Amino acid sequence: METEIGPAELALPEDEQLSITAPVHVQGRLTKVMEQVYFHGSIGGTVVTPCSRCLEVVNDEFDVEVRRVFLPLGSNRIPSDADEGGVTDDLDVYSHDGLRINLYSLVRDQVVMAFPVQTLCREDCAGLCQACGANLNEQPCTCQIESGDPRFAVLKHLKSSEST
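Predicted, not measured: the structure shown is a model, and the values here were computed from it.

Asker: Can you explain the overall build of the chain? Please cite residues and give values.
Answerer: Looking only at helices and strands, one finds three helices and five strands in the chain. Along the chain direction, N to C, the helices and strands of the chain fall in the order β-α-β-β-β-β-α-α. Looking at the 164 residues of the chain, the share that counts as buried comes to 30%. Restricting the contact set of the chain to residue pairs at least 6 apart, pairs at least 24 apart contribute 53%. Accessible area for the chain stands at about 11300 Å²; split by element, carbon and sulfur atoms hold 50% of it.

Quick look at the structure:
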C-alpha cells in the first residue's frame, strides 16, 4: 500500500512556527490476523520550521519506520508477545471498525512527533545580533555590546563617582 495524505486532512495543531506544506508519504503493508490488523511501513515528509538561532526558514525532512496494531472497536485486548513474534515494545494500539482502517490518526501522531525541538539551518549558524537583530550569517555586526552583567552597571557608576 502506498498513499499520500495532505496537510489539511491531518488536522494538525495550528502553530505559527511549524507547518507541513506538502503531502506526507505513507508506504507500508497491512496484515490481518483474526480481528487484528498490523501495519508495518514508513511515514515521511517535510516539516517547515524557523532556525532556532537566525530564524531562517528550514525544510526539515523526516522518514520514520512505523509498526502499529489496529484492534476492533471496543477491544481491550493488548497483543501478547506471541502475536507479533515476541516484539511488542514498539507497538502502539489503534482501533478499526471492522471494515475500514483510518490511518489519519496514526500519520498525525507520527508527524507531530517528527516536529524538531530545536532546528538549525546549519551546524555553524551564528544566529542574530543581540543588540540590533542582524543575521550574523549574512554580515558581521558592528554593534558595541558591553561585556559583563548589566545588573552590575550601577556598581560601575558608584566606583567612578568616588574616584573623582
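Asker: Before we move on, can you summarise the nonpolar core with the specific residues and values?
Answerer: I20, V24, I43, F62, L106, V107 and V111 are the most contacted members of the largest nonpolar core, which has 21 residues in total. Those elements giving two or more residues to this core turn out to be strand 2 (24–33), strand 3 (36–50), strand 4 (57–72) and helix 2 (104–114).

Asker: Which residues make up the pattern of salt bridges, and what are the values?
Answerer: The final tally for this structure, using the stated rule, is two salt bridges. The shortest N-O distance in the salt bridge between R100 and D97 comes to 3.3 Å. Taking the shortest distance from any N to any O, the salt bridge between D124 and R122 comes out at 3.0 Å. Classification of D124 as exposed rests on a relative accessible area of 55%. R122 sits in the partly exposed class, given a relative accessible area of 39%.

Asker: Any chance you could break down the sheet that holds strand 2 for me, citing the residues and the numbers?
Answerer: If you walk across this open sheet you meet the five strands as 1-2-3-4-5, and the pairing is mixed. Of all strands in the sheet, those with a lone pairing partner are strand 1 (2–5) and strand 5 (92–96), marking the two edges. The mean angle between the axes of side-by-side strands here comes to 35°, regardless of whether they run parallel or antiparallel. On top of the sheet, helix 2 reaches strand 1, strand 2, strand 3, strand 4 and strand 5; it is set at about 140° to strand 4, its chief contact.

Conventions we followed
Residues numbered from 1 in each chain as written. Predicted model: local features only at pLDDT ≥ 70, side-chain atom pairs only at ≥ 80, totals over all residues. Heavy atoms only, no water. Helix = DSSP H or I, 4+ residues; strand = E, 2+ residues; numbered from the N terminus. Buried < 20%, exposed > 50% of the residue type's maximum accessible area, 1.4 Å probe, protein only. Contact = heavy atoms within 4.5 Å. Areas by Shrake-Rupley, 256 points an atom, 1.4 Å probe, with all protein chains shown as cover. Core = buried A, V, L, I, M, F, W, Y, C linked by side-chain atoms within 4.5 Å. Salt bridge = Lys/Arg side-chain N within 4 Å of Asp/Glu carboxyl O. Pairing = 2+ DSSP bridges. Axes fitted to C-alpha atoms, helices over the stretch in contact; angles between N-to-C directions.

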